[in-house]
Each structure stands twice: as C-alpha cells, then as structure tokens.
Amino acid sequence: MNFNNIYFITGTAYAGKSTMVKLLAEKYGGILCEENYHNRLLPQLSREEFPCLTYSRDLEDWHDFIRRTPEEYEAWVDGAARECEILELRILEDLSAREQPVFVDTNISVETLKTVAGQGHVLIMLAEPQISVRRFFERPDREKQFLYRLIMEEPDPEHALDNFRQCLARINSRERYDHFLRSGLPVIQRDEDRTIGQTLAMVEKAFGLKS
C-alpha cells in the first residue's frame, strides 16, 4: 500500500491543518478529505469492531460524554484514533487509484504514515498545547457549542468545565506535541505573525508542489 498521489497533514489542534488541506485541494484541483472524513462510514460500523467510534453514535445521554474523567476521555480519544486509521486506510486505498491529488487532514499515526505515504507526502503542523485548551469553545463550531451548552446545564457548571478542560489538556499534552516534533517528519509550527498565504507557501514547499 503506497499512496503516491496523497498528501497527508497531521499534528495538533489549532495548527491550521483543515485550512491548508482545503486551500490545497482548491488550488490544485484535488480531492479534499477533511477532518473526520471517515464519518461517512459511521452508520454501518459494528459496535463490537469499533467501540470507540460507535460510542458517540449510539450515545443516549450526551451529558455522559462530558462527565467522563480525563483518563476515560484520553482512552476514548486514543481508541477512536486507532479505529479511524482503519477506516481512513480503506477510503484512501480507493482514492489512490484516482488521477487527482488527494489532500488529507488525517488521524493516521506518524508510524503508519511513514510506511504508506510517498516520500515528501507527510507534513506535521503544530500549535502550542495550551491553545487547544484555552480556545476550544471560542470557535463557533456547532459541535463545540453543543458541548458547552451541556456543560452549562450541569448541576455544577464550573466543576464540569474544569473537568472537561482537564480532558482537553490530557489529549493536548506536551508529550504528544513532542512526539510529533521528534518524529523526523517535516514540521510547521503555528505563528500568529504569519499570514495564511505565507503558511500555504511553506506547505507547498514541504510537499514539493508547484502552481
């Protein structure tokens, strides 16, 4: 399995991954695989085979989602990432036969990417870990605002919010950041003083793309 027409961007939240894959797909007439593009397969998944991905699909009371401990939340996120990888590889195997380039905001681990991606087809984008914790609810995303409303409905909203931020801190730790940083793959770090156009140029250079 070798995806020579597929360009992968992985890394941490708030680093610009989703923006870059959208711009690249538009500029180069490519196929866009946005964050969680594997969700198209979610309705047909077996709960036994994909317990983490089907957890949210089959959840009856979403308050249970935000009441989990940081340890439980981390275990779920890691499990979901492993399950996502299985689904992404299935989808990308079909897309690898296309003529167009494919740009992917991916959940696939760096270890797997090193074995399946073509040379120069993987890029890591990083933002400081605390950005994800501090700014999580600033985005107008429907999902994030839904979670915020659930937290505010809790008997002790302040405690619920603190608990959820601890969950976010757990999956956006310095250790996870450093794992990406030391992977040996090209890295672009978030810079508030850099324009989107400048970042795009850096991404294109990393991938060896030419307009």
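Please refer to the structure placed before this passage.
The paragraphs below set out a description of the structure included in this document.

With that settled, the discussion passes to the pairing of strand β1 (residues 6-11). The buried fraction of β1 is high, at six of six residues. Neither face of β1 is exposed, since I6, F8 and T10 on one face and Y7, I9 and G11 on the opposite face are all buried. As defined by bridge partners, β1 adjoins strand β3 (residues 102-105) across four bridges and the pair is classed as parallel. Residue pairing across strands places I6 opposite V102, the latter belonging to β3. Examined bridge by bridge, β1 and strand β4 (residues 122-126) share four bridges and lie parallel to one another. Within β4, the residue paired with I9 across the bridge is L123.

Right, let's talk about the nonpolar core for a bit. Burial of nonpolar side chains together is a common tendency in soluble globular proteins. Within the largest apolar cluster, 68 residues are counted, with the highest numbers of intra-cluster contacts made by F8, I9, L24, L92, F164 and V203. By residue number, the principal contributor to this core is helix α4 (residues 70-95), which donates nine residues. Apart from residues lying up to four places away in sequence, I9 is in contact with K17, M20, V21, L24, V104, D105, T106, L123, M125, V203 and F207.

Before going further, it helps to spend a moment on the sheet that holds strand β2 (residues 31-33). Here five strands make up an open sheet; going across it, the order is β2-β3-β1-β4-β5 and the pairing parallel. The open sheet has two edge strands, β2 and β5 (187-189), and neither has a second partner. Each strand of the sheet is rotated relative to its neighbour by a mean of 20°, with strand direction disregarded. Its contacts with the sheet put α4 on β1, β2 and β3, and the angle it makes with β3 is roughly 170°.

Below, the discussion takes up the packing of aromatic side chains. One pass over the full model with this rule turns up 16 aromatic pairs. For the ring pair Y7 and F103, a centre distance of 5.3 Å and an interplane angle of 20° mean the geometry is stacked. Of the two residues, Y7 is situated in strand β1 and F103 in strand β3; the sequence distance between them amounts to 96 residues. Pair check on accessibility: Y7 and F103 agree, each one buried. Its guanidinium or amino end placed over the ring of F136, K144 lies 5.0 Å from that ring's centre, counting from NZ or CZ. The ring of Y177 carries R174 above its face, with NZ or CZ at 4.6 Å from the centroid.

Any covalent bond linking the sulfur atoms of two cysteines counts as a disulfide. Counted by the stated rule, this structure contains zero disulfides. Note on C33: no disulfide assigned, nearest cysteine sulfur contributed by C84 at a separation of 13 Å. Given a relative accessible area of 1%, C33 falls into the buried group. Here C167 is not disulfide-linked; the sulfur of C52 is the nearest cysteine sulfur, at 15 Å. We classify C167 as buried; its relative accessible area is 1%.

On the secondary structure map, E111 appears in helix α5 (residues 110-116). For E111, a relative accessible area of 45% puts it in the partly exposed group. Sequence-wise, E111 and T69 are 42 residues apart; in three dimensions their C-alpha atoms are separated by 28 Å. Of the polar contacts made by the side chain of E111, one reaches the side chain of H179; its length is 3.0 Å.

Attention shifts here to helix α8 (residues 157-171). In this model, α8 (15 residues) spans 21 Å end to end at C-alpha, consistent with the 21 Å of a helix rising 1.5 Å per residue. Each element contacted by the buried residues of α8 is listed here: α3 (63-67), α4, α6 (129-135), α7 (142-152) and α9 (174-181).

The next point concerns the packing of helix α1 (residues 17-27) against helix α10 (residues 196-207). Two packed helices can be described by the angle between their axes and the distance between those axes. The geometry of α1 relative to α10 is characterised by a closest axis approach of 10 Å and an angle of 70° between their N-to-C directions. The orientation of α1 with respect to α10, classified from their angle, is roughly perpendicular. The segment α1 lies against α10, with T19, M20, L23, L24 and K27 engaging I196, T199, L200, V203, E204 and F207. Residues of the contact of α1 with α10, tallied by class, amount to seven nonpolar, two polar and two charged.

In this section: unusual backbone geometry. Although it is not a glycine, Y14 sits at a positive phi angle of roughly 65°. Structurally, Y14 can be placed in the loop between β1 and α1. Within the chain, N36 stands out as a residue other than glycine whose phi angle is a positive 65°. Mapping N36 onto the fold places it in the loop between β2 and α2 (51-57). Exposure remark for N36: the relative accessible area of 32% places this residue in the partly exposed category.

Cut-offs applied
- Residues numbered from 1 in each chain as written.
- Predicted model: local features only at pLDDT ≥ 70, side-chain atom pairs only at ≥ 80, totals over all residues.
- Heavy atoms only, no water.
- Buried < 20%, exposed > 50% of the residue type's maximum accessible area, 1.4 Å probe, protein only.
- Helix = DSSP H or I, 4+ residues; strand = E, 2+ residues; numbered from the N terminus.
- Pairing = 2+ DSSP bridges.
- Core = buried A, V, L, I, M, F, W, Y, C linked by side-chain atoms within 4.5 Å.
- Contact = heavy atoms within 4.5 Å.
- Axes fitted to C-alpha atoms, helices over the stretch in contact; angles between N-to-C directions.
- Phe/Tyr/Trp six-rings, centres within 6.5 Å; stacked < 30°, edge-to-face > 60°.
- Lys NZ or Arg CZ within 6 Å of the ring centre and 35° of its normal.
- Disulfide = S-S within 2.5 Å.
- Polar contact = N/O pair within 3.5 Å; in protein donor to acceptor, adjacent residues only side chain to side chain.
- Expected span 1.5 Å × (residues − 1).
- Parallel < 35°, antiparallel > 145°, perpendicular 65-115°, else oblique.
- Nonpolar A, V, L, I, M, F, W, Y, C, P; charged D, E, K, R; others polar.

Geometry only, nothing functional implied.
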